[in-house]
Amino acid sequence: MSKGNLKKYQKKRDFKKTKEPKGSARGSSDQPIFVIQKHDARNLHYDFRLEIDSVLKSWAVPKGPSTDPSEKRLAILTEDHPIEYAEFEGTIPEGEYGAGTVMVWDKGTYRNLKEESEDESISMEEAFDSGHLTVYLEGEKLRGGYALIDTKRGKNDQWLLIKIDDEQADARRNPVSTEPDSVLTGRSIERIEKEESKD
Ligand code: MN
(Lines give C-alpha, C1' and ligand atoms only; values in the text may rest on other atoms or scores of the structure.)
Protein backbone atom coordinates (compact mmCIF):
# COMPACT_ATOMS: atom_id res chain seq x y z
CA MET A 1 0.00 0.00 0.00
CA SER A 2 1.15 3.52 -0.69
CA LYS A 3 -0.43 5.09 2.39
CA GLY A 4 2.04 7.73 3.50
CA ASN A 5 3.88 6.88 6.67
CA LEU A 6 6.59 8.98 8.29
CA LYS A 7 7.45 6.59 11.13
CA LYS A 8 10.50 5.17 9.37
CA TYR A 9 11.70 8.66 8.43
CA GLN A 10 11.32 9.92 12.01
CA LYS A 11 12.90 6.84 13.57
CA LYS A 12 16.08 7.25 11.55
CA ARG A 13 16.67 10.81 12.69
CA ASP A 14 17.44 12.64 15.91
CA PHE A 15 15.58 15.94 15.51
CA LYS A 16 17.55 17.48 18.37
CA LYS A 17 20.64 17.13 16.20
CA THR A 18 19.44 17.64 12.66
CA LYS A 19 17.57 20.65 11.30
CA GLU A 20 15.57 18.49 8.89
CA PRO A 21 11.79 18.84 9.50
CA LYS A 22 10.08 16.29 11.70
CA GLY A 23 6.95 16.39 9.63
CA SER A 24 3.24 16.32 10.18
CA ALA A 25 0.44 15.56 7.77
CA ARG A 26 -1.15 18.48 5.94
CA GLY A 27 -4.17 18.91 3.74
CA SER A 28 -3.57 18.42 0.06
CA SER A 29 -3.28 21.53 -2.08
CA ASP A 30 -4.73 21.90 -5.56
CA GLN A 31 -1.45 21.17 -7.27
CA PRO A 32 0.79 18.45 -5.92
CA ILE A 33 4.47 19.29 -5.74
CA PHE A 34 7.70 17.59 -6.68
CA VAL A 35 11.21 18.36 -5.53
CA ILE A 36 14.62 17.07 -6.51
CA GLN A 37 17.26 17.48 -3.82
CA LYS A 38 20.93 17.16 -4.60
CA HIS A 39 22.40 15.30 -1.64
CA ASP A 40 26.12 15.28 -1.12
CA ALA A 41 26.24 12.35 1.30
CA ARG A 42 28.68 9.42 1.24
CA ASN A 43 27.79 9.21 -2.43
CA LEU A 44 26.42 12.23 -4.27
CA HIS A 45 22.89 11.49 -5.48
CA TYR A 46 19.62 13.20 -6.33
CA ASP A 47 16.54 12.58 -4.20
CA PHE A 48 13.47 12.69 -6.41
CA ARG A 49 10.30 13.30 -4.37
CA LEU A 50 6.65 13.41 -5.42
CA GLU A 51 3.76 14.50 -3.23
CA ILE A 52 1.43 11.52 -3.02
CA ASP A 53 -1.12 11.00 -0.27
CA SER A 54 0.15 13.87 1.96
CA VAL A 55 3.79 12.77 2.03
CA LEU A 56 6.73 12.96 -0.34
CA LYS A 57 7.28 9.55 -1.93
CA SER A 58 11.04 9.41 -2.44
CA TRP A 59 13.59 7.80 -4.72
CA ALA A 60 17.37 8.19 -4.64
CA VAL A 61 18.67 8.63 -8.18
CA PRO A 62 22.47 8.14 -8.23
CA LYS A 63 23.05 9.82 -11.62
CA GLY A 64 20.23 12.34 -11.36
CA PRO A 65 17.42 12.83 -13.87
CA SER A 66 18.02 13.01 -17.61
CA THR A 67 16.20 14.95 -20.32
CA ASP A 68 17.12 12.25 -22.85
CA PRO A 69 14.40 9.57 -23.32
CA SER A 70 17.02 6.95 -24.19
CA GLU A 71 18.63 7.27 -20.74
CA LYS A 72 17.14 5.06 -18.06
CA ARG A 73 18.14 6.24 -14.62
CA LEU A 74 18.15 3.90 -11.64
CA ALA A 75 15.87 5.24 -8.87
CA ILE A 76 15.97 3.47 -5.52
CA LEU A 77 12.77 3.79 -3.49
CA THR A 78 13.52 5.23 -0.05
CA GLU A 79 11.37 6.19 2.94
CA ASP A 80 8.49 8.69 2.76
CA HIS A 81 9.46 12.23 3.72
CA PRO A 82 7.24 15.01 5.10
CA ILE A 83 5.93 17.63 2.65
CA GLU A 84 7.93 20.36 4.44
CA TYR A 85 11.12 18.55 3.45
CA ALA A 86 10.73 20.10 0.00
CA GLU A 87 11.97 23.39 1.50
CA PHE A 88 14.94 21.86 3.29
CA GLU A 89 18.35 23.03 2.25
CA GLY A 90 21.25 22.69 4.64
CA THR A 91 23.57 20.25 6.29
CA ILE A 92 22.84 17.04 8.18
CA PRO A 93 25.44 16.61 10.92
CA GLU A 94 28.21 14.01 10.82
CA GLY A 95 27.08 10.72 12.36
CA GLU A 96 23.39 11.39 11.63
CA TYR A 97 21.36 9.53 9.02
CA GLY A 98 22.13 10.95 5.55
CA ALA A 99 24.98 13.12 6.89
CA GLY A 100 26.03 15.67 4.30
CA THR A 101 24.70 18.66 2.40
CA VAL A 102 21.23 18.95 0.86
CA MET A 103 20.30 21.38 -1.93
CA VAL A 104 16.94 22.07 -3.55
CA TRP A 105 18.09 21.38 -7.10
CA ASP A 106 14.64 21.67 -8.72
CA LYS A 107 11.13 22.18 -7.49
CA GLY A 108 7.67 22.74 -8.91
CA THR A 109 4.30 21.15 -9.39
CA TYR A 110 3.29 18.12 -11.37
CA ARG A 111 0.28 16.59 -13.08
CA ASN A 112 -0.64 12.93 -13.02
CA LEU A 113 -0.73 11.90 -16.68
CA LYS A 114 -2.57 8.68 -15.81
CA GLU A 115 -5.46 10.67 -14.44
CA GLU A 116 -5.73 12.55 -17.73
CA SER A 117 -5.79 9.41 -19.82
CA GLU A 118 -9.15 8.98 -21.56
CA ASP A 119 -9.61 5.23 -21.38
CA GLU A 120 -8.66 4.67 -17.72
CA SER A 121 -8.09 7.31 -15.09
CA ILE A 122 -5.67 6.16 -12.38
CA SER A 123 -4.89 8.07 -9.18
CA MET A 124 -1.28 8.61 -8.09
CA GLU A 125 -1.84 6.21 -5.17
CA GLU A 126 -3.08 3.50 -7.53
CA ALA A 127 -0.28 4.19 -10.00
CA PHE A 128 2.31 3.97 -7.22
CA ASP A 129 0.87 0.65 -6.03
CA SER A 130 0.93 -0.70 -9.58
CA GLY A 131 4.58 0.32 -9.92
CA HIS A 132 4.12 2.61 -12.91
CA LEU A 133 3.78 6.37 -12.57
CA THR A 134 3.68 8.93 -15.34
CA VAL A 135 3.85 12.58 -14.38
CA TYR A 136 4.22 15.91 -16.16
CA LEU A 137 6.75 18.01 -14.25
CA GLU A 138 6.58 21.78 -14.19
CA GLY A 139 9.85 22.70 -12.56
CA GLU A 140 12.48 25.30 -13.29
CA LYS A 141 15.01 22.89 -14.74
CA LEU A 142 12.86 19.90 -15.61
CA ARG A 143 9.67 20.06 -17.63
CA GLY A 144 7.60 17.49 -19.41
CA GLY A 145 6.66 13.88 -18.93
CA TYR A 146 8.59 11.42 -16.81
CA ALA A 147 7.86 7.78 -16.07
CA LEU A 148 8.83 5.95 -12.89
CA ILE A 149 8.71 2.20 -13.27
CA ASP A 150 9.16 -0.44 -10.58
CA THR A 151 11.45 -2.98 -12.30
CA LYS A 152 10.47 -5.95 -10.15
CA ARG A 153 6.98 -4.98 -9.02
CA GLY A 154 7.71 -4.54 -5.31
CA LYS A 155 10.24 -7.39 -5.02
CA ASN A 156 13.04 -4.90 -4.52
CA ASP A 157 13.35 -1.14 -4.32
CA GLN A 158 14.75 -0.63 -7.81
CA TRP A 159 12.76 1.62 -10.08
CA LEU A 160 13.74 3.43 -13.28
CA LEU A 161 13.25 7.13 -13.96
CA ILE A 162 12.81 7.78 -17.68
CA LYS A 163 12.05 10.93 -19.66
CA ILE A 164 8.98 10.46 -21.82
CA ASP A 165 9.61 11.28 -25.47
CA ASP A 166 7.60 14.49 -25.75
CA GLU A 167 8.28 18.03 -26.97
CA GLN A 168 10.26 18.75 -23.78
CA ALA A 169 12.65 15.82 -24.37
CA ASP A 170 16.14 16.94 -25.34
CA ALA A 171 19.08 14.56 -25.69
CA ARG A 172 21.55 17.48 -25.86
CA ARG A 173 20.61 19.05 -22.54
CA ASN A 174 22.30 17.84 -19.39
CA PRO A 175 20.94 20.00 -16.56
CA VAL A 176 22.61 17.89 -13.84
CA SER A 177 25.98 19.21 -14.99
CA THR A 178 25.11 22.52 -16.69
CA GLU A 179 22.67 23.78 -14.02
CA PRO A 180 24.23 22.53 -10.77
CA ASP A 181 22.99 25.18 -8.31
CA SER A 182 19.97 25.60 -6.02
CA VAL A 183 16.66 26.87 -7.44
CA LEU A 184 15.79 28.08 -3.94
CA THR A 185 18.84 30.20 -3.13
CA GLY A 186 21.14 30.02 -6.18
CA ARG A 187 23.85 28.51 -3.99
CA SER A 188 26.30 25.76 -4.90
CA ILE A 189 26.71 22.65 -2.73
CA GLU A 190 30.04 24.02 -1.46
CA ARG A 191 28.49 27.33 -0.44
CA ILE A 192 25.55 25.68 1.34
CA GLU A 193 27.99 23.47 3.21
CA LYS A 194 30.12 26.44 4.22
CA GLU A 195 27.21 28.64 5.25
CA GLU A 196 25.03 26.08 6.98
CA SER A 197 27.59 24.20 9.01
CA LYS A 198 29.00 27.06 11.06
CA ASP A 199 26.23 27.46 13.67
MN1 MN B 1 19.48 11.31 0.03
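Scroll up to find the structure this text is about.
Residues numbered from 1 in each chain as written. Predicted model: local features only at pLDDT ≥ 70, side-chain atom pairs only at ≥ 80, totals over all residues. Heavy atoms only, no water.

**Topic: the coordination of the manganese ion**
Then step 1. Within the protein, the atoms that donate to the manganese ion are His-39 (ND1), His-45 (NE2) and Asp-47 (OD), at distances of 2.2 to 2.3 Å.
Then step 2. All donors of the manganese ion belong to a single chain; written as a sequence motif, their spacing is H-x5-H-x1-D.
Then step 3. Overall, His-39 belongs to the buried group, its relative accessible area being 8%. (Donors = N, O, S within 2.8 Å, 3.2 Å for Na, K, Ca; no water. Buried < 20%, exposed > 50% of the residue type's maximum accessible area, 1.4 Å probe, protein only.)

**Observations regarding the pairing of strand β7 (residues 132-139)**
Then step 1. Most of β7 is tucked away, with six of its eight residues classed as buried.
Then step 2. Inspection of the sheet shows strand β6 (residues 100-112) paired to β7 by five bridges, in the antiparallel sense. Directly across from Asn-112, in β7, lies its bridge partner Val-135.
Then step 3. Pairing between β7 and strand β8 (residues 143-150): seven bridges, direction antiparallel. Bridge assignment links Tyr-136 to a residue of β8, and that residue is Gly-145.
Then step 4. Remark: three residues form the turn of the hairpin made by β7 and β8, two consecutive strands paired antiparallel. (Helix = DSSP H or I, 4+ residues; strand = E, 2+ residues; numbered from the N terminus. Pairing = 2+ DSSP bridges.)

**Some thoughts on the pairing of β6**
Then step 1. Counting buried residues along β6, ten of its 13 residues qualify, which places the element largely inside the surrounding structure.
Then step 2. The pairing of strand β1 (residues 33-40) with β6 spans eight bridges and is classified as antiparallel. Bridging from a neighbouring strand, His-39 pairs with Val-102 of β6.
Then step 3. Bridging between strand β5 (residues 90-92) and β6 involves three bridges; their strand directions are antiparallel. Across the sheet, residue Thr-91 finds its bridge partner in β6, namely Thr-101.

Everything listed here is a matter of geometry and, on its own, says nothing about what the molecule does.
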